[in-house]
Amino acid sequence: MTQPANNEITLELISQQKAEVLKKIRSHQSTITSSTKQLFAPLNPVTRQSNGIMKAFNTGMVMFDGLVIGLKIFKGIRRLFK
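These figures come from a predicted structure and were not determined experimentally.

**Q** How should I be thinking about the overall build of the chain in this particular structure?
**A** Within the chain, the secondary structure is distributed over two helices and zero strands. Burial analysis of the chain (82 residues in total) assigns 1% to the buried set. When the accessible surface of the chain is summed, it comes to about 8,000 Å², and 64% of that surface belongs to carbon and sulfur atoms.

In structure tokens form, the structure reads like this:
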């Protein structure tokens, strides 16, 4: 994003900046999409059944814990604005 020395804003400059911002947004969007897919991917099959059950239980507990913490944070924020 180079600006002219006399600080004039032109349509070309605006279109360049818009293209750069869209490029950044698309790269961030692809990163977020891949992270989300990786996070919510089904569990990989485990060779031993006991490890699979424990992994599934631990994943469920972490998701439940995250939900509970999120609700507590929302309640705290709501109390601040009352």
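**Q** What am I meant to see in a nonpolar patch on the surface here?
**A** A surface patch of nonpolar side chains, about 1,300 Å² in accessible area, is lined by M54, F57, M61, F64, L67, I69, L71, I73, F74, I77, L80 and F81. Turning to its location among the elements, F81 is positioned in the segment after α2 (49-80).

**Q** Explain a positive patch on the surface here, please?
**A** Together, K72, K75, R78, R79 and K82 give the surface a local cluster of positive charge. Within the element layout of this structure, K75 appears in helix α2. Judged by its relative accessible area of 48%, K75 falls in the partly exposed class.

Procedures and definitions
- Residues numbered from 1 in each chain as written.
- Predicted model: local features only at pLDDT ≥ 70, side-chain atom pairs only at ≥ 80, totals over all residues.
- Heavy atoms only, no water.
- Helix = DSSP H or I, 4+ residues; strand = E, 2+ residues; numbered from the N terminus.
- Buried < 20%, exposed > 50% of the residue type's maximum accessible area, 1.4 Å probe, protein only.
- Areas by Shrake-Rupley, 256 points an atom, 1.4 Å probe, with all protein chains shown as cover.
- Patch = residues over 30% accessible without salt bridge, like charges linked within 9 Å, V, L, I, M, F, W, Y side chains within 5 Å.
- Salt bridge = Lys/Arg side-chain N within 4 Å of Asp/Glu carboxyl O.
- Lys, Arg positive; Asp, Glu negative; His and termini not counted.
- Charge placed at Lys NZ, Arg CZ, Asp CG, Glu CD.

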